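Single-letter residue listing:
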Amino acid sequence: MKTIESTLLSAFTKISACFTTRYGGVSQKPFSNANLAFHVGDNPIDVLTNHDLLAHRLGYDRQSLIHMRQIHSDRITIIDETYTFDTPPECDALITDRPNIPLMVMSADCTPILLYDPVHQAIGAVHAGRAGALNEIVPKTIESMRDTFGSMPDEIYTVLGPSISGCCYEINSAIAEETTSKGYPEALRYENEKIFLDVNTILLTQLNRLGMKNVEVIEECTSCLNDRYFSYRADQQRTGRIAGVIILR
Ligand SMILES: [Zn+2]
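Attention in this report is confined to the structure presented alongside it. Note that the structure is predicted; figures quoted are calculated from it, not measured. (Residues numbered from 1 in each chain as written. Predicted model: local features only at pLDDT ≥ 70, side-chain atom pairs only at ≥ 80, totals over all residues. Heavy atoms only, no water.)

## Focus: the coordination of the zinc ion
Piece 1. Here the zinc ion is held by the protein donor atoms Cys-167 (SG), Cys-168 (SG), Cys-221 (SG) and Cys-224 (SG), which lie 2.3 Å from it.
Piece 2. Of note is the zinc ion, whose four donor atoms meet at the metal with angles of 102 to 115° in an arrangement that counts as tetrahedral.
Piece 3. In primary sequence terms, the donor set of the zinc ion follows C-C-x52-C-x2-C.
Piece 4. Cys-167 sits in the partly exposed class, given a relative accessible area of 41%. (Donors = N, O, S within 2.8 Å, 3.2 Å for Na, K, Ca; no water. Tetrahedral: all angles 85-135°; square planar, octahedral: opposite > 155°, others 65-115°. Buried < 20%, exposed > 50% of the residue type's maximum accessible area, 1.4 Å probe, protein only.)

Structure (C-alpha coordinates):
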(Lines give C-alpha, C1' and ligand atoms only; values in the text may rest on other atoms or scores of the structure.)
Protein backbone atom coordinates (compact mmCIF):
# COMPACT_ATOMS: atom_id res chain seq x y z
CA MET A 1 0.00 0.00 0.00
CA LYS A 2 1.54 3.31 -1.08
CA THR A 3 1.04 5.98 1.57
CA ILE A 4 2.08 9.56 2.18
CA GLU A 5 3.19 10.78 5.57
CA SER A 6 2.60 14.04 7.41
CA THR A 7 5.76 15.97 8.22
CA LEU A 8 4.10 17.39 11.32
CA LEU A 9 2.93 14.04 12.75
CA SER A 10 5.96 11.96 11.77
CA ALA A 11 7.96 13.80 14.44
CA PHE A 12 6.01 11.97 17.17
CA THR A 13 6.97 8.46 18.29
CA LYS A 14 3.76 7.57 20.16
CA ILE A 15 1.57 7.62 17.06
CA SER A 16 1.57 6.31 13.51
CA ALA A 17 -0.34 8.22 10.86
CA CYS A 18 -0.62 8.36 7.09
CA PHE A 19 -2.84 9.01 4.11
CA THR A 20 -3.30 6.33 1.46
CA THR A 21 -3.30 6.80 -2.33
CA ARG A 22 -4.76 4.84 -5.25
CA TYR A 23 -1.65 2.67 -5.36
CA GLY A 24 -0.68 -0.62 -3.83
CA GLY A 25 -4.00 -2.46 -3.60
CA VAL A 26 -5.79 -5.22 -5.52
CA SER A 27 -9.12 -3.64 -6.59
CA GLN A 28 -10.14 -3.57 -10.27
CA LYS A 29 -11.37 -0.55 -12.26
CA PRO A 30 -12.92 1.86 -11.44
CA PHE A 31 -11.68 1.17 -7.91
CA SER A 32 -8.10 0.48 -8.94
CA ASN A 33 -6.49 -0.21 -6.98
CA ALA A 34 -6.30 0.60 -3.27
CA ASN A 35 -9.96 1.37 -2.53
CA LEU A 36 -10.79 1.05 1.19
CA ALA A 37 -14.57 1.64 1.11
CA PHE A 38 -17.12 -1.18 1.16
CA HIS A 39 -20.15 0.91 0.13
CA VAL A 40 -18.99 2.04 -3.33
CA GLY A 41 -19.67 -1.16 -5.30
CA ASP A 42 -16.20 -2.70 -5.19
CA ASN A 43 -15.65 -6.43 -4.57
CA PRO A 44 -15.70 -6.76 -0.75
CA ILE A 45 -12.96 -9.42 -0.81
CA ASP A 46 -10.66 -6.98 -2.62
CA VAL A 47 -11.55 -4.21 -0.14
CA LEU A 48 -10.71 -6.51 2.78
CA THR A 49 -7.39 -7.39 1.15
CA ASN A 50 -6.62 -3.68 0.78
CA HIS A 51 -7.39 -3.17 4.48
CA ASP A 52 -5.07 -6.08 5.32
CA LEU A 53 -2.29 -4.58 3.20
CA LEU A 54 -2.63 -1.25 5.00
CA ALA A 55 -2.83 -2.92 8.43
CA HIS A 56 0.33 -4.87 7.65
CA ARG A 57 2.14 -1.73 6.49
CA LEU A 58 1.24 0.27 9.61
CA GLY A 59 1.46 -2.67 11.99
CA TYR A 60 -2.03 -3.06 13.47
CA ASP A 61 -4.66 -5.76 13.59
CA ARG A 62 -7.26 -5.03 10.91
CA GLN A 63 -10.18 -5.92 13.17
CA SER A 64 -9.06 -3.26 15.68
CA LEU A 65 -9.50 -0.47 13.10
CA ILE A 66 -12.55 1.79 13.40
CA HIS A 67 -13.90 3.43 10.28
CA MET A 68 -17.18 5.34 9.81
CA ARG A 69 -20.42 5.30 7.90
CA GLN A 70 -19.88 8.90 6.84
CA ILE A 71 -22.97 11.04 6.28
CA HIS A 72 -21.65 14.63 5.82
CA SER A 73 -22.84 15.47 9.34
CA ASP A 74 -21.36 17.10 12.43
CA ARG A 75 -21.74 13.90 14.46
CA ILE A 76 -18.76 12.75 16.54
CA THR A 77 -18.21 9.32 18.14
CA ILE A 78 -15.94 8.73 21.14
CA ILE A 79 -14.29 5.36 20.51
CA ASP A 80 -13.53 2.71 23.10
CA GLU A 81 -13.10 -1.08 22.99
CA THR A 82 -16.82 -1.69 22.39
CA TYR A 83 -16.50 -0.75 18.70
CA THR A 84 -15.12 -3.10 16.04
CA PHE A 85 -14.17 -3.06 12.37
CA ASP A 86 -17.47 -4.73 11.47
CA THR A 87 -19.69 -2.17 13.22
CA PRO A 88 -18.63 1.29 12.00
CA PRO A 89 -20.55 4.09 13.72
CA GLU A 90 -22.60 6.54 11.65
CA CYS A 91 -20.76 9.82 12.04
CA ASP A 92 -18.07 12.04 10.50
CA ALA A 93 -15.53 12.24 13.31
CA LEU A 94 -13.88 9.73 15.64
CA ILE A 95 -11.87 10.55 18.74
CA THR A 96 -10.13 8.33 21.28
CA ASP A 97 -7.41 8.21 23.91
CA ARG A 98 -7.16 4.41 23.75
CA PRO A 99 -3.93 2.93 22.39
CA ASN A 100 -3.93 0.42 19.53
CA ILE A 101 -7.31 1.45 18.11
CA PRO A 102 -6.58 2.87 14.64
CA LEU A 103 -9.07 5.55 13.54
CA MET A 104 -9.83 5.89 9.83
CA VAL A 105 -11.50 8.59 7.73
CA MET A 106 -12.20 7.85 4.06
CA SER A 107 -12.54 10.37 1.25
CA ALA A 108 -12.64 11.04 -2.47
CA ASP A 109 -12.41 14.89 -2.73
CA CYS A 110 -13.60 15.72 0.81
CA THR A 111 -10.83 16.61 3.27
CA PRO A 112 -9.59 13.81 5.55
CA ILE A 113 -8.28 15.36 8.77
CA LEU A 114 -6.05 13.80 11.41
CA LEU A 115 -5.69 15.28 14.91
CA TYR A 116 -3.16 14.53 17.65
CA ASP A 117 -2.86 15.96 21.15
CA PRO A 118 0.54 14.81 22.49
CA VAL A 119 -0.14 16.37 25.93
CA HIS A 120 -3.19 14.22 26.71
CA GLN A 121 -2.36 11.41 24.24
CA ALA A 122 -5.58 11.72 22.30
CA ILE A 123 -6.28 11.40 18.56
CA GLY A 124 -9.02 12.15 16.08
CA ALA A 125 -10.03 11.47 12.47
CA VAL A 126 -12.49 13.78 10.75
CA HIS A 127 -14.32 13.83 7.40
CA ALA A 128 -15.06 17.35 6.13
CA GLY A 129 -16.52 18.16 2.77
CA ARG A 130 -18.40 21.38 2.08
CA ALA A 131 -21.38 20.43 4.28
CA GLY A 132 -19.25 19.22 7.18
CA ALA A 133 -16.98 22.25 7.00
CA LEU A 134 -19.92 24.69 6.96
CA ASN A 135 -21.46 22.76 9.89
CA GLU A 136 -18.18 23.20 11.79
CA ILE A 137 -17.37 19.52 12.21
CA VAL A 138 -13.71 20.31 12.96
CA PRO A 139 -14.30 22.94 15.70
CA LYS A 140 -16.96 20.64 17.20
CA THR A 141 -14.51 17.71 17.21
CA ILE A 142 -11.89 19.84 18.94
CA GLU A 143 -14.49 20.93 21.48
CA SER A 144 -15.34 17.27 22.05
CA MET A 145 -11.63 16.43 22.55
CA ARG A 146 -11.47 19.23 25.14
CA ASP A 147 -14.58 18.02 26.98
CA THR A 148 -13.52 14.36 26.84
CA PHE A 149 -9.73 14.41 27.23
CA GLY A 150 -8.93 17.97 28.36
CA SER A 151 -7.26 18.78 25.02
CA MET A 152 -6.75 22.50 24.48
CA PRO A 153 -6.82 23.74 20.87
CA ASP A 154 -3.22 24.96 20.98
CA GLU A 155 -2.11 21.50 22.11
CA ILE A 156 -3.57 19.76 19.07
CA TYR A 157 -1.61 19.04 15.88
CA THR A 158 -3.77 19.01 12.76
CA VAL A 159 -3.16 17.68 9.25
CA LEU A 160 -5.48 18.30 6.31
CA GLY A 161 -5.01 15.45 3.82
CA PRO A 162 -5.40 15.33 0.01
CA SER A 163 -8.71 16.86 -1.14
CA ILE A 164 -10.28 18.75 -4.02
CA SER A 165 -9.04 22.34 -4.07
CA GLY A 166 -10.41 25.66 -5.23
CA CYS A 167 -8.87 25.05 -8.67
CA CYS A 168 -11.38 22.28 -9.44
CA TYR A 169 -14.39 22.44 -7.08
CA GLU A 170 -17.06 24.33 -9.01
CA ILE A 171 -20.23 25.19 -7.06
CA ASN A 172 -23.54 26.92 -7.73
CA SER A 173 -24.62 30.35 -6.53
CA ALA A 174 -26.81 28.96 -3.72
CA ILE A 175 -23.79 27.26 -2.13
CA ALA A 176 -21.75 30.42 -2.66
CA GLU A 177 -24.41 32.44 -0.84
CA GLU A 178 -24.47 29.94 2.02
CA THR A 179 -20.67 30.05 2.25
CA THR A 180 -20.72 33.86 2.41
CA SER A 181 -23.59 34.01 4.90
CA LYS A 182 -21.76 31.61 7.21
CA GLY A 183 -18.73 33.90 7.18
CA TYR A 184 -16.30 32.41 4.66
CA PRO A 185 -16.31 34.65 1.54
CA GLU A 186 -12.54 34.18 1.28
CA ALA A 187 -13.12 30.53 0.32
CA LEU A 188 -14.83 31.54 -2.95
CA ARG A 189 -13.22 32.30 -6.31
CA TYR A 190 -15.11 33.74 -9.26
CA GLU A 191 -13.85 33.08 -12.79
CA ASN A 192 -15.68 33.47 -16.14
CA GLU A 193 -19.14 33.31 -14.54
CA LYS A 194 -18.13 30.18 -12.65
CA ILE A 195 -17.74 29.93 -8.88
CA PHE A 196 -15.16 27.72 -7.17
CA LEU A 197 -14.96 26.75 -3.50
CA ASP A 198 -11.85 25.90 -1.50
CA VAL A 199 -13.02 23.86 1.51
CA ASN A 200 -9.57 23.92 3.11
CA THR A 201 -9.79 27.74 3.30
CA ILE A 202 -12.93 27.34 5.45
CA LEU A 203 -11.17 24.76 7.64
CA LEU A 204 -8.06 26.93 8.03
CA THR A 205 -10.19 29.94 9.00
CA GLN A 206 -11.87 27.84 11.70
CA LEU A 207 -8.55 26.49 13.01
CA ASN A 208 -7.10 29.99 13.01
CA ARG A 209 -10.07 31.34 15.00
CA LEU A 210 -9.41 28.64 17.61
CA GLY A 211 -5.80 29.77 17.86
CA MET A 212 -4.42 26.54 16.45
CA LYS A 213 -0.90 26.98 15.11
CA ASN A 214 0.36 23.46 14.48
CA VAL A 215 -1.41 22.86 11.20
CA GLU A 216 -0.15 21.13 8.06
CA VAL A 217 -1.95 21.08 4.71
CA ILE A 218 -1.07 18.34 2.22
CA GLU A 219 -1.29 20.54 -0.88
CA GLU A 220 -2.52 17.88 -3.30
CA CYS A 221 -5.73 18.41 -5.27
CA THR A 222 -7.44 15.05 -5.70
CA SER A 223 -9.06 16.18 -8.97
CA CYS A 224 -5.87 17.61 -10.52
CA LEU A 225 -3.97 14.53 -9.32
CA ASN A 226 -6.65 12.02 -10.26
CA ASP A 227 -4.01 9.46 -11.27
CA ARG A 228 -2.81 9.44 -7.65
CA TYR A 229 -6.08 9.84 -5.72
CA PHE A 230 -9.71 8.84 -6.07
CA SER A 231 -11.83 11.86 -7.02
CA TYR A 232 -15.62 11.76 -6.79
CA ARG A 233 -15.81 14.62 -9.28
CA ALA A 234 -13.01 13.76 -11.70
CA ASP A 235 -14.09 10.10 -11.77
CA GLN A 236 -17.79 10.98 -12.34
CA GLN A 237 -18.85 9.62 -8.93
CA ARG A 238 -18.10 5.91 -9.45
CA THR A 239 -14.77 5.57 -7.69
CA GLY A 240 -12.96 4.32 -4.60
CA ARG A 241 -11.87 6.00 -1.40
CA ILE A 242 -8.48 6.85 0.03
CA ALA A 243 -8.08 7.13 3.77
CA GLY A 244 -6.36 8.95 6.58
CA VAL A 245 -5.36 6.69 9.48
CA ILE A 246 -3.98 7.51 12.90
CA ILE A 247 -3.07 5.15 15.77
CA LEU A 248 -1.99 5.82 19.32
CA ARG A 249 0.67 3.28 20.27
ZN1 LIG B 1 -7.46 20.90 -8.82
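## Here's the deal with helix α4 (residues 173-181)
Piece 1. For α4, the complete set of buried residues consists of Ile-175, Ala-176 and Thr-179. Buried residues of α4, viewed axially, fall in a sector of 105°; they line one side. Away from the buried face of α4 by more than 90 degrees, exposed residues Glu-177 and Ser-181 are located.
Piece 2. Looking at the buried side of α4, the elements it contacts are α2 (130-134), β9 (170-171), β10 (188-191), β11 (194-197) and α5 (199-209).
Piece 3. Looking at the residues trailing α4, positive phi occurs at Gly-183, about 100°. (Helix = DSSP H or I, 4+ residues; strand = E, 2+ residues; numbered from the N terminus. Arc of directions from axis to C-beta. Contact = heavy atoms within 4.5 Å.)

## Section: the sheet that holds strand β2 (residues 15-20)
Piece 1. Across the sheet, which stays open at both edges, the four strands sit in the order β1-β2-β13-β5 with antiparallel pairing between neighbours. Each having just a single partner strand, β1 (3-4) and β5 (103-107) make up the two edges of the open sheet.
Piece 2. Pairing of β1 with β2, which is carried by two bridges, proceeds in the antiparallel orientation. What sits directly across from Ile-4, in β2, is Phe-19. (Pairing = 2+ DSSP bridges.)

## Let's talk about the side chain of Asn-50
Piece 1. Looking at the secondary structure, you find Asn-50 in helix α1 (residues 44-58).
Piece 2. Within the structure, Asn-50 has its side chain in polar contact with the backbone nitrogen of Val-26 (distance 2.8 Å).
Piece 3. Every residue in contact with Asn-50, bar those within four places of it in the chain, is listed here: Met-1, Gly-25, Val-26, Ser-27, Asn-33, Ala-34, Asn-35 and Leu-36. (Polar contact = N/O pair within 3.5 Å; in protein donor to acceptor, adjacent residues only side chain to side chain.)

The values are spatial; any link to function lies outside them.
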